[in-house]
Amino acid sequence: MTSTTPARTALVVEDERTINDALAQRLRAEGYAVEQAFDGPSAVELAASARPDVVLLDVMLPGFDGLEVCRRIQAARPVPVLMLTARDDEADVLVGLGVGADDYLTKPFSMREVVARVAALIRRVDRAAALAEERPAVIAVGGVAIDPGARRTTVAGEPVHLTPTEFDLLLCLARVPGQVLGRERLLREVWDWGDAWGSASATRTVDSHVKALRAKVGAARIRTVHGVGYALEDLP
């Protein structure tokens, strides 16, 4: 795997040993250093000690669940999290995104898709770090102000906490205010996805993140054009 150095560390948190071992084996084959946890408490401990570059996190865990693990990990040190869930219910997905997950996969999934999603998450982190060094200008669209370098957002002057994915999504929309961006473009520019996944999975990913973002910046600020995509409106 040429785009990922051996120094990258992935933490796999999954209580089913067969799945955990399979994920770890594939990620090691791709050049990652891998730490494994099988319950909530050990996952939080390993996240603190190993300081992984990315976390693959099952929702259903003994000790405490993956949502609580995600909350504790993100409170200590922001890190990209790929949630692994057996349920595709929208409410469950939104809760996961709300506690700081960046992306999610519904079981069963292919190892190829897992590897691609993990690589995309790390590329986005690298891209954000490079952008911060450039100290770009603040972008203001109506009452929304976005500082790409500091990765801070305010709405009507009040700070709003966004997950890394939500921030990147808002920034992408804010660069072309009022312009409708299709899901395919958003997947390419925000998630760094190519054509590796089916349209149903891709559509669900974009729509779930937009819904979560709306809850934080105001539903009216993000306009939906059904069958096309989304636009950020210039509202006070």
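Bear in mind that the values here come from a model prediction, so they are computed numbers and not experimental data.

So, how was this worked out
- Residues numbered from 1 in each chain as written.
- Predicted model: local features only at pLDDT ≥ 70, side-chain atom pairs only at ≥ 80, totals over all residues.
- Heavy atoms only, no water.
- Helix = DSSP H or I, 4+ residues; strand = E, 2+ residues; numbered from the N terminus.
- Rg over C-alpha atoms; globule rule 2.2 N^0.38 Å.
- Buried < 20%, exposed > 50% of the residue type's maximum accessible area, 1.4 Å probe, protein only.
- Pairing = 2+ DSSP bridges.
- Axes fitted to C-alpha atoms, helices over the stretch in contact; angles between N-to-C directions.
- Contact = heavy atoms within 4.5 Å.
- Expected span 1.5 Å × (residues − 1).
- Parallel < 35°, antiparallel > 145°, perpendicular 65-115°, else oblique.
- Left-handed = near helix turned anticlockwise from the far one by under 90°.
- Nonpolar A, V, L, I, M, F, W, Y, C, P; charged D, E, K, R; others polar.
- 1 Å grid on protein atoms, 1.4 Å probe; cavity = no way out; pocket = protein on both sides within 12 Å on 5 of 7 lines; lining within 4 Å.
- Points joined across faces, edges and corners; volume = space filled by probe spheres on them.
- Domains from an automatic or database assignment.

Asker: Looking at this structure, I do not really get the overall build of the protein chain. What am I missing?
Answerer: Looking only at helices and strands, the protein chain has 8 helices and 12 strands in total. Against the compact-globule benchmark of 18 Å for 236 residues, the protein chain has a radius of gyration of 17 Å, which places it among compact chains. Taking the principal axes of its C-alpha atoms as reference, the protein chain extends roughly 50 × 35 × 35 Å. For the protein chain, buried positions account for 47% of its 236 residues.

Asker: Explanation requested: the sheet that holds strand E5 (residues 103-106) in the structure shown.
Answerer: Paired through backbone hydrogen bonds, the strands of a sheet run either parallel or antiparallel to each other. Across the sheet, which stays open at both edges, the 5 strands sit in the order E2-E1-E3-E4-E5 with parallel pairing between neighbours. Looking at which strands have only one partner, the edges of the open sheet turn out to be strand E2 (33-37) and E5. Recorded for the sheet is a direction-independent mean angle of 20° between the axes of neighbouring strands. Where strand E3 (residues 54-58) lies against strand E4 (residues 81-85), 4 bridges are found, and the strand directions are parallel. Residue pairing for E4: Leu 56 is matched across the bridge by Leu 82. Across the face of the sheet, helix H1 (residues 17-29) comes into contact with strand E1 (9-13), E2, E3 and E4 while running at roughly 170° to E2. Each of E1 and E2 is contacted by helix H2 (residues 40-50), which is oriented at about 150° to E2, the strand it contacts most.

Asker: I would appreciate a short explanation of the sheet that holds strand E11 (residues 222-225) in the present structure.
Answerer: Spatially, 3 strands are ordered E10-E12-E11 in an open sheet, and the strand pairing comes out antiparallel. One side of each edge strand has no neighbouring strand; the edge strands of this open sheet are strand E10 (181-182) and E11. In this structure, E11 lies alongside strand E12 (residues 229-232), joined through 4 bridges in antiparallel fashion. Along E12, the bridge assignment pairs Val 225 with Gly 229.

Asker: I tried to follow helix H5 (residues 111-134) on my own but got confused; where do I start?
Answerer: Each full turn of the α-helix corresponds to 3.6 residues, which orients residues three or four apart in the same direction. Counted at 1.5 Å a residue, the expected span for H5 with its 24 residues is 34 Å, and the 35 Å between its end C-alpha atoms agrees. Regarding H5, the residues found buried are Glu 113, Val 114, Val 115, Arg 117, Val 118, Ala 119, Ala 120, Leu 121, Ile 122, Arg 124, Ala 128 and Leu 131. Arg 135 occupies a position one or two residues after H5 and carries a positive phi of about 50°.

Asker: I keep staring at the packing of H2 against helix H3 (residues 66-76) and nothing clicks. Help me out?
Answerer: Packed helices, taken two at a time, are described by the angle their axes make and the gap between the axes. Running from N to C, H2 and H3 cross one another at 20°; their axes reach a closest spacing of 9 Å. In this view, H2 runs roughly parallel relative to H3, as classed from their interaxial angle. Seen along the crossing, H2 lies across H3 with a hand that is right-handed. Seen from H2, the contacting residues are Gly 40, Ala 43, Val 44 and Ala 47; seen from H3, they are Val 69, Arg 72 and Ile 73. Counted by class, the contact of H2 with H3 contains 5 nonpolar, 1 polar and 1 charged residues.

Asker: Explain the layout of surface pockets to me, please; I cannot follow it from the model alone.
Answerer: Empty space among the atoms can be located by rolling a probe the size of a water molecule over them. Of the pockets and cavities examined, the largest pocket occupies roughly 660 Å³. Along its surface, the largest pocket is lined by 30 residues, and Pro 78, Val 79, Arg 151, Thr 163 and Pro 164 are the ones closest to its centre. Those elements giving two or more residues to the lining of the largest pocket turn out to be H5, strand E8 (152-155) and helix H6 (164-174). If one sorts the elements of the lining of the largest pocket by residue count, H5 sits on top with 6 residues. Considered class by class, the residues forming the lining of the largest pocket number 14 nonpolar, 6 polar and 10 charged. Mapped onto the domain boundaries, the lining of the largest pocket takes at least three residues apiece from domain 1 (9-126) and domain 2 (135-232). Taken as a whole, the second largest pocket spans an internal volume of roughly 300 Å³. Sorting the residues of the lining of the second largest pocket by element identifies E4 and helix H4 (90-98) as the ones contributing at least two each. Tallying contributions element by element places H4 first for the lining of the second largest pocket, with 5 residues.

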